[in-house]
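Residues per chain, in single letters:
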Amino acid sequence: MTVEHYLVIGAGRMGGALLKGWLADPVSGVVADRLMIIDPHPGDDARNAITSGAVHLDATASDIGKKLAKVQTILLAIKPQGFAEIAPIIAPHLPQGALVISILAGTAMDSLRRAFPNQHVIRAMPNTPAAIGAGITAFTCDNGVSERQQRTAERLLKAGGTVHAVDSEHLIDVVTAVSGSGPAYVFHMVEALEAAAIKIGLPETIAGDFARQTIVGAGALLDRSSLSASELRQAVTSPGGTTQAALDVLMPELPPIMRETVKAALKRAKELAEK
Ligand SMILES: NC(=O)C1=CN([C@@H]2O[C@H](COP(=O)(O)OP(=O)(O)OC[C@H]3O[C@@H](n4cnc5c(N)ncnc54)[C@H](O)[C@@H]3O)[C@@H](O)[C@H]2O)C=CC1
Ligand SMILES: O=C(O)[C@@H]1CCC=N1
């Protein structure tokens, strides 16, 4: 595999998680001294990469054009609100035909295409478990992305876990609402279970442990078992037992709440796209 030059613009939580995964995985093809980072305040993972040899660039430096001349692949991982400011500073310096992979929630392909008129664009949506290689990512390619560039994107995104190509941009927004934001729904369930545990008498000193390990253990079992989530739920539920009593409360309430939850995230993705 040829060693290419990569650029990460915005190396906070997600950008940092992905570049950490690349550097830890030889299959990614990314090596520290061919990795450039543009971020005025890089996160911990990016700072570690810079210590290991990644190049920290200042987007406003006079020699930025020379530094970016060899970049073939760019990961765009700033906040969507910062996109309009940074894109016009960087885009003129990027080589013609380079690949821009955007993970910005709700930033439409059309805006990306206009901001990077001489490059090719992929929209992707990873999630935070990518930090431990346990994420899931969807991506979609704009016209003009070569098969080789698609393979590059897949290779980079796989450092974060499972990857699916989807053929419509709308599905990126849908995936944002499901798995992009989804870890937060699960973390909130831990918070709610801990609070409920305290309410019914579990000491505060151990309630957090019980709530957290319940979700961790259930997730690990789901991961390792060949049974579906529904079958695993049924395996916990003895007829006429405690779980049945609990699910009689939870099951009528959770599906409509979850529907409204993902609909709110999808609506926000569309609103962001209109800005
Ligand atoms: N956090 C998550 O779970 C996910 C986030 N995303 C997307 O990833 C993007 C980044 O989100 P996070 O990593 O959570 O945010 P973050 O705030 O942790 O990282 C953003 C980084 O951009 C840097 N930055 C700000 N202005 C900049 C500029 N002008 N030039 C270069 N870098 C600049 C910041 O210093 C920061 O390190 C967002 O667009 C978000 O929609 C996508 C999937 C999941
Ligand atoms: O909250 C957000 O907008 C981003 C996108 C998915 C997860 N975090």
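**Student:** Help me out: how do you make sense of the nonpolar core in this one?
**Tutor:** For soluble globular proteins, nonpolar side chains are generally found buried alongside one another. The biggest cluster of nonpolar side chains holds 28 residues, and the ones touching the most others in it are L19, W22, L35, I37, L75 and I101. At the level of elements, β1 (5–9), α1 (13–24), β2 (35–38), α2 (44–51), β5 (99–102), β6 (120–125) and α6 (147–158) are the ones that each hand at least two residues to this core. Setting aside residues up to four positions removed in sequence, L35 forms contacts with Y6, V8, L19, W22, L23, V30, A54 and V55. If you look at the next biggest cluster of nonpolar residues, it comprises 25 residues, including I86, M109, L112 and F116.

**Student:** What exactly am I supposed to notice about the pattern of salt bridges here?
**Tutor:** Should the charged atoms of two oppositely charged side chains come close, the side chains can pair. One pass over the full model with this rule turns up twelve salt bridges. Ionic pairing is found between E169 and R123, a salt bridge with its closest N-O pair at 2.7 Å. Separated by 46 residues along the polypeptide, E169 in helix α7 (residues 169–180) and R123 in strand β6 bring together distant segments of the chain. Residue class for R123 comes out buried when judged on its relative accessible area of 1%. Between D173 and R123 there is a salt bridge; the shortest N-O distance is 3.0 Å. One end of the pair, D173, is in helix α7; the other, R123, is in strand β6, with 50 residues separating them in the sequence.

**Student:** Would you mind showing me how to read the domain arrangement of the chain here?
**Tutor:** Buried accessible area, meaning the area lost when the parts come together, often serves as the stated size of an interface. On domain assignment, one finds that the chain holds domain 1 (5–168) and domain 2 (182–274). For domain 1 versus domain 2, the distance between C-alpha centres works out to 33 Å. Taken together, the seven residues of domain 1 in the interface contact four residues of domain 2. Between the two partners, domain 1 and domain 2, sit zero salt bridges.

**Student:** Is there a simple way to explain the site of ligand 2 in this structure?
**Tutor:** Taken together, the neighbourhood of ligand 2 is formed by A105, G180 and S181. A molecule is said to occupy a pocket when more than half its atoms come within 2 Å of that pocket's grid points, and by this definition ligand 2 occupies the second largest pocket.

**Student:** What is the right way to look at the sheet that holds strand β8 (residues 161–165) in this model?
**Tutor:** What holds strands together in a sheet is hydrogen bonding between their backbones, with the strands either parallel or antiparallel. Reading across from one edge, β3-β2-β1-β4-β5-β6-β7-β8 is the order of the eight strands in this open sheet, with mixed pairing throughout. Either end of the sheet is taken by a strand with one partner, and the two such strands are β3 (55–57) and β8. Direction aside, neighbouring strands of the sheet carry axes that sit 25° apart on average. Both β2 and β3 contribute to a ladder of three bridges, which runs parallel. In the strand pairing of β3, I38 is matched with L57. Sheet strands in contact with α7 are β6 and β7 (135–141), and its direction is about 30° off that of β6.

**Student:** So what exactly am I meant to see when it comes to the site of ligand 1 here?
**Tutor:** Looking at ligand 1, there are 20 residues lining it, with R13, M14, D39, I78 and A105 nearest. Protein chains shield 79% of the accessible area of ligand 1, which is 820 Å² for the free molecule. Most atoms of ligand 1, that is more than half of them, are within 2 Å of grid points of the second largest pocket.

Conventions we followed
- Residues numbered from 1 in each chain as written.
- Chains lettered and ligands numbered in written order.
- Predicted model: local features only at pLDDT ≥ 70, side-chain atom pairs only at ≥ 80, totals over all residues.
- Heavy atoms only, no water.
- Core = buried A, V, L, I, M, F, W, Y, C linked by side-chain atoms within 4.5 Å.
- Buried < 20%, exposed > 50% of the residue type's maximum accessible area, 1.4 Å probe, protein only.
- Helix = DSSP H or I, 4+ residues; strand = E, 2+ residues; numbered from the N terminus.
- Contact = heavy atoms within 4.5 Å.
- Salt bridge = Lys/Arg side-chain N within 4 Å of Asp/Glu carboxyl O.
- Domains from an automatic or database assignment.
- Near = heavy atom within 4 Å.
- 1 Å grid on protein atoms, 1.4 Å probe; cavity = no way out; pocket = protein on both sides within 12 Å on 5 of 7 lines; lining within 4 Å.
- Sits in = over half its atoms within 2 Å of the grid points.
- Pairing = 2+ DSSP bridges.
- Axes fitted to C-alpha atoms, helices over the stretch in contact; angles between N-to-C directions.
- Areas by Shrake-Rupley, 256 points an atom, 1.4 Å probe, with all protein chains shown as cover.

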